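# A structural walkthrough
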Number of protein chains: 2
Amino acid sequence: MAAAPDSSPDARVVRTRNDILAAALKILADEGQESLTHPHLARVAGYSRATVYKHWPTRADLLQDAFDWLHDMPHHTPTGDLREDLVAELTMFRTVIRTYRVDRLLAVLADLAVSSAQMAQVRDQMVADGEAVVRSLLGTVTHGPALDAAALMLTGFVINAAMLHGGPPDDELIAAAVDLTLAGIRAED
Amino acid sequence: MAAAPDSSPDARVVRTRNDILAAALKILADEGQESLTHPHLARVAGYSRATVYKHWPTRADLLQDAFDWLHDMPHHTPTGDLREDLVAELTMFRTVIRTYRVDRLLAVLADLAVSSAQMAQVRDQMVADGEAVVRSLLGTVTHGPALDAAALMLTGFVINAAMLHGGPPDDELIAAAVDLTLAGIRAED
């Protein structure tokens, strides 16, 4: 008879890895990247140093897996009302930022990507996933440089507020950004 | 008789400090913040470790002075043509980003500000200086949440491109962002 799934060796390994990767992201978000060391991570996650070193011999392996683990960020499912869909997606982005401190993780990734092609790939993948819904919504009403500019502006607006202005935008500011962008696209049509 | 200014002890101290702070910013931009250690900085700047430690006993002192030293970033002087002034200011921002890798320095600051109130102040000052001209230009045609959104979008657009999309925007993209923003503001008027 098979063991219950949550006590099988595989399930235990998965749980251990999940616990430690979640703790790694928490350290990056709460304390900054300098604090992410194997010994500190072991303490925060509640595992032995040996366990942490066994799964991730180097800090680069650990960072890669931690960011990969974060990969599937939730998105709004479009309903067909462009304005409401954009507002809902940016509001979802705000929730994700608050929950996972994605703005801080992006700052860490941007810094690590300077010296690591591996981290630059992780950053590119995370950014592409992050902006996919906004880009595809805007792509229904504009194209070319105006689409690129609008997508960079709307996602950059949220990142800028969260990373450099003390917190992600409130409802009023999100609505103002979406309305300004859509008014601009329609006026240029 | 006073000594020639460039050989006086004070001038030498200033030159030493300038050399070392410039090297510190270069390390942050080219190699990322983990590489900024006193020994590595001494090597890159061409001074003794003792000199670096004497001027900046801690890494926090060093980071504070390095970012303060960067403070007075050049800006475009408005001429009265709003579109051209915004394009010129964002183009100047791009030049500053390329010269000083301000996008990377902002990523480092955002990360350091997570755990240091001192660094959060440095970041706030740098951001306020950086966006002042864009905000004041946009303030001639809009106000309230639309102004806040437009300023965050236009500066966030450049930072987003530089920090997370491989490089600051080209001329075509800057023009598209400015035109979209101004068209939106005028349509909402």
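Now for a look at the structure at hand. No experiment lies behind these values; they were computed from the predicted model shown.

As a further point, take the overall build of chain A. A tally of regular secondary structure across chain A gives nine helices and zero strands. Seen in sequence order, chain A has helices and strands lined up from the N terminus as α-α-α-α-α-α-α-α-α. Taken over the C-alpha atoms alone, chain A extends approximately 60 × 45 × 30 Å along its principal axes. For chain A, the proportion of its 189 residues judged to be buried stands at 52%. The contacts of chain A with a sequence gap of at least 6 include a subset with a gap of at least 24, amounting to 62%. Only carbon and sulfur atoms are counted for the fraction: they give 53% of the accessible area of chain A, which is about 8400 Å². In chain A, 16 side chains carry a positive charge and 26 a negative one; their mean positions are 10 Å apart.

Right, let's talk about the relation of the copies chain A and chain B for a bit. Under the fitted operation, chain A is carried onto chain B by 0.0 Å of movement along the axis and a turn of 180°, and the coordinates agree to an RMSD of 0.0 Å. Interpreted geometrically, this transformation is the action of a two-fold axis. If distances are taken from each C-alpha of chain A to the rotation axis, the shortest is found for G184 of chain A, at 1.8 Å. Interface overlap between copies is the fraction of interface residues in one copy that are interface residues in the other; for chain A against chain B it reaches 100%, indicating a shared surface.

The next subject is the interface of chain A and chain B. Taken together, the contacts link 50 residues of chain A with 50 residues of chain B. Of the roughly 3900 Å² buried where chain A meets chain B, counting both sides, 70% is carbon and sulfur surface. Its largest share of buried area at the contact with chain B, chain A owes to M153, L164 and L180 of chain A, together 19% of the area lost on that side. In this structure, the connection of chain A to chain B is made through two salt bridges. At the boundary of chain A with chain B, the tally comes to 10 residue pairs in polar contact (both at pLDDT 80 or more). Listing elements by their share of the side of chain A that touches chain B, those giving two or more residues are α1 (9–31), α6 (102–113), α7 (117–138), α8 (144–164) and α9 (171–188) of chain A. Take the side of chain A that touches chain B: its biggest share by element is 16 residues, from α8 of chain A. Residues that form the side of chain A that touches chain B fall into these classes: 28 nonpolar, nine polar and 13 charged.

Scoring rules and cut-offs
Residues numbered from 1 in each chain as written. Chains lettered and ligands numbered in written order. Predicted model: local features only at pLDDT ≥ 70, side-chain atom pairs only at ≥ 80, totals over all residues. Heavy atoms only, no water. Helix = DSSP H or I, 4+ residues; strand = E, 2+ residues; numbered from the N terminus. Buried < 20%, exposed > 50% of the residue type's maximum accessible area, 1.4 Å probe, protein only. Contact = heavy atoms within 4.5 Å. Areas by Shrake-Rupley, 256 points an atom, 1.4 Å probe, with all protein chains shown as cover. Lys, Arg positive; Asp, Glu negative; His and termini not counted. Charge placed at Lys NZ, Arg CZ, Asp CG, Glu CD. Least-squares fit on C-alpha atoms with pLDDT ≥ 70 in both. Buried area = accessible area lost by both parts, 1.4 Å probe. Salt bridge = Lys/Arg side-chain N within 4 Å of Asp/Glu carboxyl O. Polar contact = N/O pair within 3.5 Å; in protein donor to acceptor, adjacent residues only side chain to side chain. Nonpolar A, V, L, I, M, F, W, Y, C, P; charged D, E, K, R; others polar.

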